[in-house]
Amino acid sequence: MRRGGRAGGGGGRGAVLAAEPGRAPLRLLDRLDVLVLTPRDAATAWVCDGRLLLSAADLRWGADRRVVASGPDVYVYDPALRAFRRLALRPDGDGGAGEAEDVEVRLVRAAGEVPAQYGRRDGRPSAPSPEVFDELAAVYEVALPAWAVAPDADALLHIDWAGDVAELRVDGRAATDRFWDGSRWVVSLRDAGCAPGSAVTLHVLPLAAGSPVHLPADARRRADAATGPLLAVDRVLAQWRRAWREVA
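Residues numbered from 1 in each chain as written. Predicted model: local features only at pLDDT ≥ 70, side-chain atom pairs only at ≥ 80, totals over all residues. Heavy atoms only, no water.

1. Comments concerning the environment of glycine 112
In this fold, glycine 112 is placed in the loop between strand S13 (104-109) and strand S14 (120-121). According to the relative accessible area criterion, glycine 112 is partly exposed, its value standing at 27%. When the C-alpha atoms of glycine 112 and aspartate 152 are compared, they prove to be 39 Å apart, with 40 residues separating the residues in sequence. (Helix = DSSP H or I, 4+ residues; strand = E, 2+ residues; numbered from the N terminus. Buried < 20%, exposed > 50% of the residue type's maximum accessible area, 1.4 Å probe, protein only.)

In structure tokens:
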């Protein structure tokens, strides 16, 4: 795909130039570089403090304004080189995936009796209303380890569960939710707003026997094998996600 751009000049004259999307800039008037990224690169672009970076990892900035990344592959555009170069990063620890620890989950309120469906809209099963969810969902207290919510932590919570819909709440506030599809639910505790002393609860609405909701094949088999409403919290795991920090 080609993009056309007009480089203006004096007296209304100009030249039409074609820029191929990529990581090499187009030089205009011998002093201006124009960079047209491919859609793939544009989806991983970050801009901060006048710098253009490319990375599929999650990026954040420390108090010193240096990059802290969830992975080692980060590239920064260098105007002097007129090219992207790898950003120098050092890993915390050994740079691996991080230690993991099973998290204690305690049932504090049992689920109510759920209906087979919550009405239909446009020919599809409707989702339960917030009021119905609050009334019927089981509530579990999640005892996070202290290291997972430390101020400098970047931990993930892995939740293996089964049911209809679940919600993770932090200090009574809904942080994130998910409909069940049989896959593992992974939550960033940093993004969820967890901090030392936070009260974290997992709310799970059972999936009624005979529910008409569409499920992937593996999840449907598990639902059909249940002798009643499907509700399970199989395992909750906290994982410390190591960070790569920009070298000064």
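2. Looking at the pairing of strand S21 (residues 200-205)
Within S21, six of the six residues are buried, which leaves it mostly tucked inside the rest of the structure. Burial of S21 is two-sided: the residues Val200, Leu202 and Val204 facing one way and the residues Thr201, His203 and Leu205 facing the other way are all buried. Across five bridges, strand S16 (residues 138-143) lies against S21 in antiparallel orientation. Paired with tyrosine 140 across the strands is leucine 202, a residue of S21. Relative to S21, strand S18 (residues 165-170) is paired through six bridges, and the arrangement is antiparallel. Its bridge partner lying in S21, glutamate 167 is registered against histidine 203. (Pairing = 2+ DSSP bridges.)

3. Remarks on the sheet that holds strand S17 (residues 155-162)
A sheet is described by the order of its strands in space; here four strands give the open sequence S12-S22-S17-S20, paired in antiparallel fashion. Here the strands that pair on one side only, and so sit at the sheet edges, are strand S12 (100-102) and strand S20 (185-188). Going from strand to strand, the sheet's axes swing by 25 degrees on average, the running direction of each strand aside. Here four bridges tie S17 to S20, and the two strands are oriented antiparallel to one another. (Axes fitted to C-alpha atoms, helices over the stretch in contact; angles between N-to-C directions.)

4. Some points on the nonpolar core
In this structure, Leu144, Leu157, Ile159, Trp180, Trp185, Cys194 and Leu202 are the most contacted members of the largest nonpolar core, which totals 32 residues. Counting residues per element, the ones that place at least two in this core are S16, S17, S18, S20, helix H3 (189-192), S21, helix H4 (217-225) and strand S22 (232-240). Tallying contributions element by element places S17 first for this core, with five residues. If we skip the residues at most four places from it in the chain, cysteine 194 touches Leu144, Val149, Val170, Leu189 and Val200. Ranked by size, the runner-up nonpolar core spans nine residues in total, among them Leu53, Val67, Leu87 and Leu89. (Core = buried A, V, L, I, M, F, W, Y, C linked by side-chain atoms within 4.5 Å. Contact = heavy atoms within 4.5 Å.)

5. Considerations on the sheet that holds strand S8 (residues 67-69)
Strand order in the open sheet formed by four strands is S7-S8-S23-S11, and the pairing between neighbours is antiparallel. Both edges of this open sheet fall to strand S7 (59-61) and strand S11 (89-91), since each of them pairs with a single strand only. Mean inter-strand twist for the sheet, computed between neighbouring axes without regard to direction, equals 25 degrees.

6. Looking at the pattern of salt bridges
Within this structure, the stated rule accounts for 17 salt bridges. For glutamate 246, the salt bridge is made with arginine 51, and the minimal N-O distance between the two is 3.0 Å. Here arginine 51 lies in strand S6 (residues 51-54) and glutamate 246 lies in strand S23 (residues 244-246), a separation of 195 residues in the sequence. Taking relative accessible area as the criterion, arginine 51 reaches 23% and is therefore assigned partly exposed. (Salt bridge = Lys/Arg side-chain N within 4 Å of Asp/Glu carboxyl O.)

7. Topic: the packing of aromatic side chains
Inspection of the entire model under this criterion finds three aromatic pairs. For the pair tyrosine 77 and phenylalanine 84, a centre-to-centre distance of 5.3 Å together with 70 degrees between the ring planes defines the contact as edge-to-face. Taking relative accessible area as the criterion, tyrosine 77 reaches 16% and is therefore assigned buried. Centre to centre, the rings of tryptophan 161 and tryptophan 185 are 6.0 Å apart; their planes meet at 50 degrees, and the pair counts as tilted. Taken together, the residues tryptophan 161 in strand S17 and tryptophan 185 in strand S20 connect sequence positions 24 residues apart. There is no split in this pair, since tryptophan 161 and tryptophan 185 are both buried. When the ring centre of tyrosine 75 is taken as origin, the NZ or CZ atom of arginine 23, which lies over that ring, is 5.7 Å away. For arginine 23, the ring lying beneath its charged end belongs to phenylalanine 84, and the centroid distance is 5.9 Å. (Phe/Tyr/Trp six-rings, centres within 6.5 Å; stacked < 30°, edge-to-face > 60°. Lys NZ or Arg CZ within 6 Å of the ring centre and 35° of its normal.)

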